[in-house]
Amino acid sequence: MTVSEFRARSRRLREARRLIVKVGSALLVDARSGRLNRAWLESLGDDLARAAKRGQQIIVVSSGAIALGRRHLGLADGRLRLEESQAAAAVGQIRLARAWQEILEERGLAVAQVLLTLEDTEDRRRYLNARATLNTLLGLGAVPVINENDTVATAEIRYGDNDRLAARVAQMASAECLVLLSDIDGLYSADPRRDPGARFVPEIVEVDAAIEAMASGPGAGVGSGGMTTKVAAARIAVGAGCSLCIASGRRPNPLRAIEEGERCSWFLPAGTPLALRKQWIAGTLQPRGRLSVDGGAAAALRRGKSLLPAGVTRVAGRFERGDTVSVFADGAEIARGLAAYSSHDAAAIAGRRSGEIAALLGYRGREELIHRDDLVMLGV
Ligand code: GLU
């Protein structure tokens, strides 16, 4: 693939409305001194600021807490015990966050620290809460800098690698592009350091067994996560409609380099995040509840609007916020969507104006009972 073909592919990075950049420990922290690679981080800060200026919303997933913290605690090289890595993370995370704050604030960007655990992405209620927080931060123009909450994560409930964490975040935020900055420039058919015949793989449209085999070959363990977790991350990301790029961070201005056509491996999704999300909603086997709507609301939905409580005439079934419900008009199912309220609260606000929600429920929730991004019309 030529430079101009790589440059053309980087459109996915330049044009993503939401862009996630994951930075590995090996890039952030100098292996010998255990110090932050400040100059490199500054150059990445420049790239991120430029993306923000273009109007892109940015999330950073940053590793490096354990690597930074261990030196300050005088922990020797080699494998740490779980409690030692938790302690190192506690010391390192505060430094990591400060570095990101300094670097991004100097460039006019507000920074937010978000520490996630596995349950925040796997438990439905916590997932929805984390998603809402990320959306709010991005809407307010802040850059969330995310890491795993290593200090409280124990072995069984830990991601352990930020590649898959970043992919989950991409899914949660409906991001269009995730860049994994790594110490290797992409996926190879075999380990390039051992096999001179190893082929570079510039584009992957399906993460099949052959691709997984390439990632799991001997010597594939480059960096902390290795290629296996990168391909696992790619599977999650493309399944959510997010393009994923594995690129080298072993140079200053790594994002600009991708934009200028430096080679990297692109994993391409079959659809956009919104389309795949809607497909998933439409495919729900058993919606948990049923909302009957009047003619006015049905017409509004057909014009692509959200469902407001005012148009709902009846609420049936038991559901929680975030569950899939069916929308019925004249006895026929016309749409499906994710409810923004539980069945209990939906029943209380059905038929009422959105302005009354706070008074009826005692809290200020969303104006819509189903937001149009969470709604699919059936049979149209
Ligand atoms: N969360 C870990 C840290 O900040 C890094 C995990 C990884 O290397 O992927 O030190």
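In this report, we go over the structure that sits alongside the text. Please read all numbers here as calculations on a predicted model, not as lab measurements. (Residues numbered from 1 in each chain as written. Predicted model: local features only at pLDDT ≥ 70, side-chain atom pairs only at ≥ 80, totals over all residues. Heavy atoms only, no water.)

Looking at the overall build of the protein chain
Phase 1: Helices and strands together make up the secondary structure of the protein chain, namely 16 helices and 15 strands.
Phase 2: Its C-alpha radius of gyration of 23 Å places the protein chain within 12% of the 21 Å reference for a compact globule of 380 residues.
Phase 3: Expressed along its principal axes, the backbone C-alpha trace of the protein chain runs to roughly 70 × 45 × 40 Å.
Phase 4: In the protein chain, buried positions account for 50% of the 380 residues.
Phase 5: Pairs at least 24 apart in sequence give 72% of the contacts found in the protein chain among residues at least 6 apart.
Phase 6: Of the roughly 17,700 Å² that the protein chain leaves accessible, carbon and sulfur atoms contribute 49%. (Helix = DSSP H or I, 4+ residues; strand = E, 2+ residues; numbered from the N terminus. Rg over C-alpha atoms; globule rule 2.2 N^0.38 Å. Buried < 20%, exposed > 50% of the residue type's maximum accessible area, 1.4 Å probe, protein only. Contact = heavy atoms within 4.5 Å. Areas by Shrake-Rupley, 256 points an atom, 1.4 Å probe, with all protein chains shown as cover.)

Details of the pattern of salt bridges
Phase 1: Across all of its chains, the model carries 30 salt bridges by this definition.
Phase 2: Notably, a salt bridge pairs Arg9 with Glu203, separated by 2.3 Å at the nearest N-O pair. Taken as a pair, Arg9 in helix α1 (residues 3-9) and Glu203 in strand β8 (residues 203-204) lie far apart in primary sequence, 194 residues in all.
Phase 3: Judged by relative accessible area, Arg9 falls into the partly exposed class, the value being 21%.
Phase 4: Here Glu203 falls in the partly exposed class, since its relative accessible area comes to 30%.
Phase 5: Across the pair Arg107 and Glu42 runs a salt bridge, and its minimum N-O distance is 2.8 Å. Residue Arg107 is found in the loop between α6 (82-105) and β3 (110-116), and its partner Glu42 is found in helix α4 (residues 38-53); the two are separated by 65 residues along the sequence.
Phase 6: Residues participating in the shared-partner salt-bridge network are Arg38, Glu42, Asp46, Arg98, Glu102, Glu106 and Arg107. (Salt bridge = Lys/Arg side-chain N within 4 Å of Asp/Glu carboxyl O.)

So, the sheet that holds strand β4 (residues 142-148)
Phase 1: Taken together, the eight strands give an open sheet; going across it, the order is β3-β4-β2-β1-β5-β9-β10-β8, and neighbouring strands pair in mixed fashion. For this open sheet the edge positions go to β3 and β8, each flanked by a neighbour on one side alone.
Phase 2: Against the sheet, α6 contacts β1 (18-23), β2 (57-62), β3 and β4, and its axis sits at roughly 155° relative to β3.
Phase 3: Running at roughly 145° to β4, helix α8 (residues 124-139) makes contact with β1, β2, β3 and β4 of the sheet. (Pairing = 2+ DSSP bridges. Axes fitted to C-alpha atoms, helices over the stretch in contact; angles between N-to-C directions.)

Description of the side chain of Asn253
Phase 1: Tracing the backbone shows Asn253 in the loop between β9 (243-248) and α12 (254-259).
Phase 2: A relative accessible area of 14% means that Asn253 is categorised as buried.
Phase 3: Once residues lying within four places of it in the same chain are set aside, the contact partners of Asn253 are Ser43, Asp46 and Asp47.

A few points about the packing of helix α10 (residues 209-216) against helix α11 (residues 226-239)
Phase 1: Relative orientation of the contacting elements α10 and α11 amounts to 150°, with a least axis distance of 7 Å. When the axis of α10 is compared with that of α11, the two are roughly antiparallel. Our pair here, α10 against α11, has a crossing hand that is right-handed. Contacts between α10 and α11 pair Ile211, Glu212, Ala215 and Ser216 from the former with Met227, Thr228, Val231 and Arg235 from the latter. (Parallel < 35°, antiparallel > 145°, perpendicular 65-115°, else oblique. Left-handed = near helix turned anticlockwise from the far one by under 90°.)

Points about the nonpolar core
Phase 1: Grouped together as the largest cluster of nonpolar side chains are 47 residues, with contacts concentrated most on Ile146, Leu178, Leu187, Leu244 and Phe267.
Phase 2: With near-sequence residues (within four places) excluded, Ile146 lies in contact with Ile59, Val60, Val61, Ser62, Val114, Leu116, Leu134, Leu165 and Val169.
Phase 3: Listed in part, the 37 residues of the second largest apolar core include Leu27, Leu41, Val143 and Ala247. (Core = buried A, V, L, I, M, F, W, Y, C linked by side-chain atoms within 4.5 Å.)

Thoughts on the packing of aromatic side chains
Phase 1: Applying the stated criterion across every chain yields a total of two aromatic pairs.
Phase 2: For the ring pair Tyr188 and Phe200, a centre distance of 5.2 Å and an interplane angle of 80° mean the geometry is edge-to-face. With Tyr188 in strand β6 (residues 187-188) and Phe200 in strand β7 (residues 200-201), the pair connects residues that are twelve residues apart, well separated along the chain.
Phase 3: For Tyr188, a relative accessible area of 12% translates into the label buried.
Phase 4: Overall, the relative accessible area of 13% leaves Phe200 in the buried class.
Phase 5: When the ring of Tyr341 is compared with that of Tyr363, the centres are 6.3 Å apart and the planes differ by 35°; the resulting orientation is tilted. In this pair, Tyr341 is assigned in the loop between β14 (332-338) and α15 (343-349) and Tyr363 in the loop between α16 (357-361) and β15 (375-377), connecting sequence segments 22 residues apart.
Phase 6: It is Arg263 that lies over the ring of Phe200; its NZ or CZ is 4.1 Å from the centre.
Phase 7: Positioned above the aromatic ring of Phe328 is the side chain of Arg290, whose terminal nitrogen or guanidinium carbon lies 3.7 Å from the ring centre. (Phe/Tyr/Trp six-rings, centres within 6.5 Å; stacked < 30°, edge-to-face > 60°. Lys NZ or Arg CZ within 6 Å of the ring centre and 35° of its normal.)

Side note on the environment of Ala65
Phase 1: Within the secondary structure, Ala65 is located in helix α5 (residues 65-72).
Phase 2: Judged by relative accessible area, Ala65 falls into the buried class, the value being 1%.
Phase 3: Setting aside chain neighbours within four positions, we find Ala65 in contact with Ala88, Ala89, Gly92, Gln93, Leu96 and Asn147.

What about helix α13 (residues 273-282)?
Phase 1: Residues of α13 that are buried include every one of Pro273, Leu276, Arg277 and Ile281, and no others. Buried residues of α13 fall within an arc of 140° about the axis and therefore sit on the same side.
Phase 2: In the core, the buried residues of α13 are packed alongside α8, α11, β13 (324-329) and β14. (Arc of directions from axis to C-beta.)

What about α8?
Phase 1: Between its first and last C-alpha atoms α8 spans 22 Å; for 16 residues at 1.5 Å apiece the expected length is 22 Å, and the two agree.
Phase 2: Of all the positions in α8, only Tyr127, Leu128, Ala130, Arg131, Leu134, Leu137 and Leu138 are classed as buried.
Phase 3: Within two residues after α8, Gly141 carries a phi angle of roughly 85°, on the positive side. (Expected span 1.5 Å × (residues − 1).)

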